[in-house]
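Here is what each chain is made of, one letter per residue.
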Amino acid sequence: MKTLIDCQNCQLKDCQKNCKLKVIKLHAPTDLKQRLISFGIMKGSIIEILEHSPAKSTMEIKVGKMRIALRAKEAALIEVEKI
Amino acid sequence: MKKVDEKACPIIAKHIKVALVGQPNVGKSMLINSVSNAHLHVGNFSGVTVDKTEVLFDYKEYHFTVVDLPGTYAFTDYTIEERVTHNYLCDDDYDLIINVVDSTNLEKNLQLTSELMSMSKDIVIALNMSDEADKEGIEVNASYMSELLGIPCVKVSAVTKVGIEELLDAVISVQEIDAQEPKLIFSEPVEEEIAQIVWYLDKHRYEAKNSHRNIAINLLKNNKRTYEKIHNNPVWTELQPILVEALKHVELHHDSDDIKESFAEEYASYNRGIIAEVVKQEVSKEEITMTQKIDNILIHPFFGIPIFLFFMWGLFQLTFEIGSIPMDWIDAFFGWFGDTVGATIPNDDVRSLVVDGIIAGVGAVILFVPNIIILFIGIALLESTGYMSRVAFLLDGFFHKFGMHGQSFIPLVSGFGCSIPAYMSARILKNDRDRLLTLFIIGFMSCGARLPVYVLFAGAFFSPEMAGNVLFAIYIGGAIIGLIAAKILKLTAFKGADEPFVMEMPKYRLPSVKLIWHTVLTKTMMYLKKAGTFIAAASILIWFLSNYPHNLVLEEEYATKIEMAASEDEKNALSNKFAEAYLEQSYLGTIGKFSEPVFAPLGFDWKMSVALQTGLAAKEVVVSTLGVLYSLGEDVDEENDSLITAISKNISFASAVAFIVVIMIYLPCLAASIVFTREAGGIKYFFYLFAFTSIIAYALSFIAYNIALVLT
Ligand SMILES: Nc1nc2c(ncn2[C@@H]2O[C@H](COP(=O)(O)OP(=O)(O)OP(=O)(O)O)[C@@H](O)[C@H]2O)c(=O)[nH]1
Ligand SMILES: [Mg+2]
């Protein structure tokens, strides 16, 4: 399973910055899942990784027109594939 | 627009009560401000409004009551402030909903709209930020959209005030005519299931206020309230198996075991259809947006935090530098004002009350208004540009190490202005443990009312070039102590798993001068009002306590001594000594002397001890108490920077450091403590806070005092 966080880590090597990813499944608990969905992160949506904070603990992504900050731990719950 | 100040008879006139609903940061509060003459708090980040507020105004022949609700992403109870909105919409009485949406991001905003559409309430959609949409080349066909959704949609802009009247007219016409049911259409399989349930309800002539279609949708969505209603009806026994089957089909269709997720997908695809029809986006050649460019610098992994610290440092530098310019004038004015007023009052006691009590006390607080205004401008800029969320993002990793949530940054920053709104805005934190932790830490962020004390002491003990740095150090120091305290609490009292951190980052917006002006003006007026009422009353009380009881024996003793004194100098020295002795035997002196031993290890004299205690009422009172005590103790109105001189003359450096440390940490003011207790949910938390802050304040102050003693 490949998640958003793997992609952040490989960002320096093979994925170049701003690579686009497609969401396959959310593995988050109900509450968090609801929140992600209401942010537009749901099955089939396209995510773009923009920036990461110092120490890579938090990242900024773009979904549709919206910028969202989330922690590595939450990013690891979002299964994605590269497109 | 017609605005009538004196309200017509409320019984005859027609009323409309409107609930303003929308996702966070779409401009709900700003829209109300531009419709009425309210000044609700507006800021460019999610979670500005955390409680409902009613605003009244008249338009045409109607009395409008508009309720500003906290923004909510979806109909969940994710955070407290979202619960406020959800409960209001479900339980309260209102005529219709204005759903405010951001025209530049309809796809996300319409998710909430879809949920509202199944509430069977009349809705009007306000397509806000139409000015921004124009700029970005986004064109929304409002009339076609109204037709497709079956809901009137009106383009508005809260900033340029375009379309406001049309919006209100639309509200009135929806109120006057029975609106049609919104046209929410689902995918084929879901529509089949809905039809099945509707057919069943029709067959059994199930009676309800809402349409059967609406009930069917809500049953499929697992809406608790709908279930509760239908549960007690005989139709339920037969309906249940149908429903179970239907849910299974829907879930199968969406390949998900979560019905809410399935519905979100349904809504999303419906909305995509609508948007494809009504929105025309000028094809731009993927140009990098302004926000992206600014973000590349401001949230740079290496430079982001230094840049933020530089901004903070600059702010405190300005606070001191620019703030101290008008200070001399204000001080001179109050000196002159006191003398002039004093000259007209023949009675000694009354004159002393007015001049040494009220004018000295209030004057000492007003002296710092310029500093506070600059601090408020800084906070307003942080809030309204969109930088706030960026800093929360930058600091999240750092905060996380101390057991805090990145989003805690938002209430903590508000805490630099005033603790009261900060306590309220902690509601944006989802988890109760995180919220409580943040509530306990907010007090460590020095509020605007403590600024006067810092400016006073920094000015008294440091050169003007250094004072700004000292202020910066005090604020940062307080924040760091707060983080360490958070870590201690997290390891002991608030143990538990970390909460998720997902936060929207708004686009950067250039705040209008008017917005900043209003924000700062509102806060400054509040400060002045407090100075004129609460602080004035406290000053009177302190004056009284420090002037009574009269001691005739002492008076006579010194009167004879002064008469027998040989030189002018000796006379002056004696009368100063008399004032001191008199003050010491006053009620306040007695209290101070009584508590002095407690504070003696920190190097405080009784006046400082008293000032700390009166500071429990409000932090400004610390300064006004010192003002009253030192203006009574000796003759001070010959100098301009009198209080500053008096402080540097009477207080040692080490004691001053210890004093500042206590001020930084100890219990917030009375009003803030009350709000804290309410938000934390029990009086016991107040006692925890009291114990927690007192112990830390005392211990750190003791350490600071002894270090400073060694160093000087
Ligand atoms: N350009 C533009 N900006 C707007 C408009 N309306 C609001 N804003 C800006 O959008 C931001 C959010 O405004 P608020 O009124 O605080 O939003 P809100 O919906 O009340 O937000 P919450 O209280 O957090 O739910 C502010 O920075 C406003 O200046 C508009 O019509 N045009
Ligand atoms: Mg608001």
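Coordinates for the structure precede this section.
All figures in this text were calculated on a predicted structure; none of them were measured in a lab.

Quick word on helix H25 (residues 568–585) of chain B
Across its 18 residues, H25 of chain B extends 26 Å between first and last C-alpha, which sits within 8% of the 26 Å expected from 1.5 Å per residue. Residues Leu574, Ala579, Tyr582 and Leu583 of chain B constitute the buried set of H25 of chain B.

Here we look at the sheet that holds strand S1 (residues 14–22) of chain B
Residue and element names in this part refer to chain B. Strand order in this open sheet of six strands is S2-S3-S1-S4-S5-S7, and the pairing throughout is mixed. Edge positions in the sheet fall to strand S2 (53–59) and strand S7 (153–155), since each has one partner strand and no second. Sheet twist, expressed as the mean angle between neighbouring strand axes with direction ignored, is 25°. One ladder, built from seven bridges, connects S2 with strand S3 (residues 62–68); its direction is antiparallel. Along S3, the bridge assignment pairs aspartate 58 with histidine 63. Where helix H5 (residues 142–149) meets the sheet, its contacts fall on strand S5 (122–128) and S7, and the angle it forms with S7 comes to roughly 160°.

Here's the deal with the pairing of strand S2 (residues 46–52) of chain A
Residue and element names in this part refer to chain A. Of all the seven residues making up S2, six are buried; the element is thus mostly covered by neighbouring parts of the structure. In the sheet, strand S1 (residues 20–26) pairs with S2 via three bridges, with the strands oriented antiparallel. Looking at the pairing, leucine 21 lines up with isoleucine 47 of S2. Pairing analysis gives five bridges linking S2 to strand S3 (residues 58–63), with the strands arranged antiparallel. Bridging from a neighbouring strand, histidine 52 pairs with methionine 59 of S3. Two successive antiparallel strands, S2 and S3, enclose a turn made up of five residues, where alanine 55 displays a positive phi of approximately 65°.

Some remarks on the coordination of the magnesium ion (ligand 2)
Residues and elements named next belong to chain B. Note on the magnesium ion (ligand 2): its protein donors are Ser29 (OG) and Thr49 (OG1). The metal-donor distances range over 1.9 to 2.0 Å. With serine 29 in helix H1 (residues 28–35) and threonine 49 in the loop between H1 and S2, this pair connects stretches of sequence that are 20 residues apart. Assigned by exposure class, serine 29 and threonine 49 land together as buried.

Re empty space enclosed by the protein
This model, assessed by the stated rule, comprises eight cavities of 30 Å³ or more. Taken as a whole, the largest cavity spans an internal volume of roughly 110 Å³. As for the largest cavity, its lining consists of 14 residues, and the residues nearest its centre are Arg35 of chain A together with Ser46, Tyr73, Glu81 and Gln407 of chain B. Secondary structure elements with two or more residues in the lining of the largest cavity: helix H2 (80–91) and strand S9 (502–505) of chain B. A per-element tally of the lining of the largest cavity places S9 of chain B first, with three residues. Residues belonging to the lining of the largest cavity are distributed by class as follows: six nonpolar, four polar and four charged.

Quick look at the state of the cysteines
Residues and elements named next belong to chain B. Under the defined criterion, the tally for this structure stands at zero disulfides over all chains. Cysteine cysteine 447 remains unbridged, with the sulfur of cysteine 418 as its closest cysteine sulfur at 6.3 Å. With relative accessibility at 8%, the residue cysteine 447 sits in the buried group.

Points about the sheet that holds S2 of chain A
If you walk across this open sheet you meet the six strands as S5(A)-S1(A)-S2(A)-S3(A)-S4(A)-S9(B), and the pairing is antiparallel. The two strands at the open ends of the sheet, each matched to only one other strand, are strand S5 (78–82) of chain A together with S9 of chain B. Here the average twist between neighbouring strands, direction ignored, is 40°. Across the sheet, helix H12 (residues 290–298) of chain B is in contact with S2, S3 and strand S4 (66–71) of chain A; its angle to S4 of chain A comes to roughly 30°. The strands that helix H17 (residues 387–401) of chain B touches are S2, S3 and S4 of chain A together with S9 of chain B; relative to S9 of chain B, the one it contacts most, it runs at about 155°.

The rules behind each value
Residues numbered from 1 in each chain as written. Chains lettered and ligands numbered in written order. Predicted model: local features only at pLDDT ≥ 70, side-chain atom pairs only at ≥ 80, totals over all residues. Heavy atoms only, no water. Helix = DSSP H or I, 4+ residues; strand = E, 2+ residues; numbered from the N terminus. Expected span 1.5 Å × (residues − 1). Buried < 20%, exposed > 50% of the residue type's maximum accessible area, 1.4 Å probe, protein only. Pairing = 2+ DSSP bridges. Axes fitted to C-alpha atoms, helices over the stretch in contact; angles between N-to-C directions. Contact = heavy atoms within 4.5 Å. Donors = N, O, S within 2.8 Å, 3.2 Å for Na, K, Ca; no water. 1 Å grid on protein atoms, 1.4 Å probe; cavity = no way out; pocket = protein on both sides within 12 Å on 5 of 7 lines; lining within 4 Å. Points joined across faces, edges and corners; volume = space filled by probe spheres on them. Nonpolar A, V, L, I, M, F, W, Y, C, P; charged D, E, K, R; others polar. Disulfide = S-S within 2.5 Å.

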